[in-house]
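Each chain, letter by letter, is given below.
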Amino acid sequence: MNINEYTSKLIEVINEALKLNCYVRSIDLQKQKVDELETYLAAIHKNKYEAKQRNAPEEYVNVFFHFQCVVNAIISSLQMWIYLKENKSMEAWRKLQDAFDYLYYSKLVKNKIRGIRALENFLKKCEKTLFPPFPLYNSIGMLVKGGECSVCRQPIEYCEHIEGRLYYGTICKRVNVKDVAINHVALVKVPEDKRCIITQIEENDGKMHDYMTLLPTDNKTADKRNKTIEGIIYSYSNLDIF
């Protein structure tokens, strides 16, 4: 199967999966489709690895990285609906942000399949209508030293790769970091990571409430003189971008 035939087959798989990409579709069918897509994803990884082994051109290898990201985005999107139906709103929010990240990385490839922008716009509408507005997010400031490059596995300070860029089917990231120092946390309107949200707020009844559901929680307020909020200040998302 050549790359054009592979692309056509992938588009068929994606279009079938997108039929389930809404709330009212059966949760059982959505879970089944996630399993099917994960099997398909394993085949994409295998094809990418084999292309690397035979020293295929970088543009060719990157096409499989593009496929990898698109399929992961759809898996994350379907998992968002599944978690919402299971009343796991925080997990659903994280999966939505994963989908956005995968679509971002998918667009780093020159030759893209059609429909990426439409899926991204659909997910933006989901973000606005399915979840409460977040006027502020948490943002952490930290000093990171050392670590390895995910591309060449050399100390990142001395390798030639640039973090966030795509190299031969792999995103350059700092991995295996052991020296991290946190120096501040701030509330911001435009965060680096939208997974770092306010999770609980103190309401007028003096109790802590889940920000997503507004249901009271068992947590106690920390300060009787000031309103208390709780949130996520750092989120590690193990994205499949290598």
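A brief look at the structure comes next.

Cut-off values and rules
- Note that residues are indexed from 1 along each chain, following the sequence as it is written.
- Per-residue local features of the predicted model are confined to residues with pLDDT of at least 70, and side-chain atom pairs are confined, for both listing and counting, to 80 or more; whole-chain, interface and lining totals are unaffected and use all residues.
- To get the side-chain values, take all heavy atoms of the structure and skip hydrogens and water.
- The secondary structure listing takes helices from DSSP runs of H or I that are at least 4 residues long and strands from runs of E that are at least 2 residues long, numbered from the N terminus.
- Buried residues are those whose accessible area, probed at 1.4 Å on protein chains only, stays under 20% of the maximum for their type, while exposed residues exceed 50% and partly exposed ones sit between those limits.
- A contact between two residues is defined here by any heavy atoms of the two lying within 4.5 Å.
- Every accessible area reported is derived by Shrake-Rupley at a probe size of 1.4 Å, with residue values counting cover from the shown protein chains alone.
- Two residue types count as positive, namely Lys and Arg, and two as negative, namely Asp and Glu; His and chain ends fall outside the count.
- The atoms used to mark charge sites are NZ of Lys, CZ of Arg, CG of Asp and CD of Glu.
- Salt bridge criterion: a side-chain nitrogen from Lys or Arg within 4 Å of a carboxyl oxygen from Asp or Glu.
- When DSSP finds at least two bridges between two strands, those strands are taken to pair.
- Note on method: axes are straight lines fitted to C-alpha atoms, helices fitted across the in-contact stretch only, with angles between N-to-C directions ranging 0 to 180 degrees.
- Each aromatic pair joins two rings of Phe, Tyr and Trp (for Trp, the six-membered one) with centres within 6.5 Å, and gets the label stacked for planes under 30 degrees apart, edge-to-face for over 60, and tilted for any other angle.
- In this analysis, the expected span of each helix is defined as 1.5 Å times one less than the number of residues it contains.
- Taking the helix axis as origin, the arc is that swept by the directions to the C-beta atoms.

What follows concerns the overall build of the chain. Counting its secondary structure elements, the chain contains 5 helices and 9 strands. Listing every helix and strand of the chain by position from the N terminus yields α-α-α-α-α-β-β-β-β-β-β-β-β-β. Once the C-alpha set of the chain is aligned to its principal axes, its extents read approximately 65 × 50 × 25 Å. Going through the 242 residues of the chain one by one, you find that 41% of them count as buried. Put simply, of all contacts in the chain between residues at least 6 apart along the chain, 70% involve residues at least 24 apart. Accessible area of the chain: about 14400 Å², with a carbon and sulfur share of 51%. Of the side chains in the chain, 35 bear a positive and 31 a negative charge, and the two mean positions are spaced by 3 Å.

Inspection of every chain in the model, using the stated rule, returns 14 salt bridges. Residue Glu36 pairs with Lys33 through a salt bridge whose shortest N-O separation is 2.9 Å. With a gap of 3 residues between them, Glu36 and Lys33 both fall in helix α2 (residues 27-53), about one helical turn apart. A residue is classified by how much of its surface remains accessible, and Lys33, at 15% relative accessible area, is buried.

All right, on to the sheet that holds strand β8 (residues 208-210) then. One open sheet holds the 3 strands; their spatial order is β8-β7-β9, and the pairing between them is antiparallel. With one partner strand each, in any of the chains shown, β8 and β9 (229-231) form the two edges of the open sheet. Put simply, the sheet's adjacent strands are angled 25 degrees from each other on average, direction ignored. Pairing analysis gives 3 bridges linking strand β7 (residues 198-202) to β9, with the strands arranged antiparallel. Note that in β9 the partner of Ile198 across the bridge is Gly231.

Turning to the packing of aromatic side chains, a few remarks are in order. Inspection of every chain in the model, using the stated rule, returns 10 aromatic pairs. Ring centres of Phe64 and Phe67 lie 5.9 Å apart, and the angle between their planes is 85 degrees; this geometry places the pair in the edge-to-face category. With Phe64 and Phe67 both in helix α3 (residues 58-85) and 3 residues apart, this pair spans about one turn of that helix. Across this residue pair, the class does not change: Phe64 and Phe67 are buried. Here the aromatic rings of Phe134 and Tyr137 are separated by 5.7 Å at their centres, their planes lie at 35 degrees, and the arrangement is tilted. In this pair, the class of Phe134 matches that of Tyr137, namely buried.

Looking now at helix α5 (residues 116-130). Compared with the 21 Å implied by 1.5 Å per residue over 15 residues, the 21 Å span of α5 between its first and last C-alpha is a close match. Along α5, the residues that are buried comprise Ile116, Leu119, Glu120, Leu123, Cys126 and Glu127. The buried residues of α5 occupy one face: seen down the axis, they fall within an arc of 115 degrees. Away from its buried face by more than 90 degrees, α5 exposes Arg117, Ala118, Lys125, Lys128 and Thr129. Contact partners of the buried residues in α5: α1 (3-18), α3 and α4 (89-106).

Attention now moves to α3. The terminal C-alpha atoms of α3 lie 41 Å apart, and with 28 residues this matches the ideal 40 Å at 1.5 Å per residue to within 8%. Most of α3 is tucked away: 23 of the 28 residues are buried. Looking one or two places after α3, you find Asn87, whose phi comes out positive at around 60 degrees.

Let's shift gears to the side chain of Asp98. With respect to the secondary-structure elements, Asp98 resides in helix α4. Here Asp98 falls in the buried class, since its relative accessible area comes to 9%. Not counting the four nearest positions on each side in its chain, Asp98 is found in contact with Ser76, Arg195, Ser237 and Leu239.

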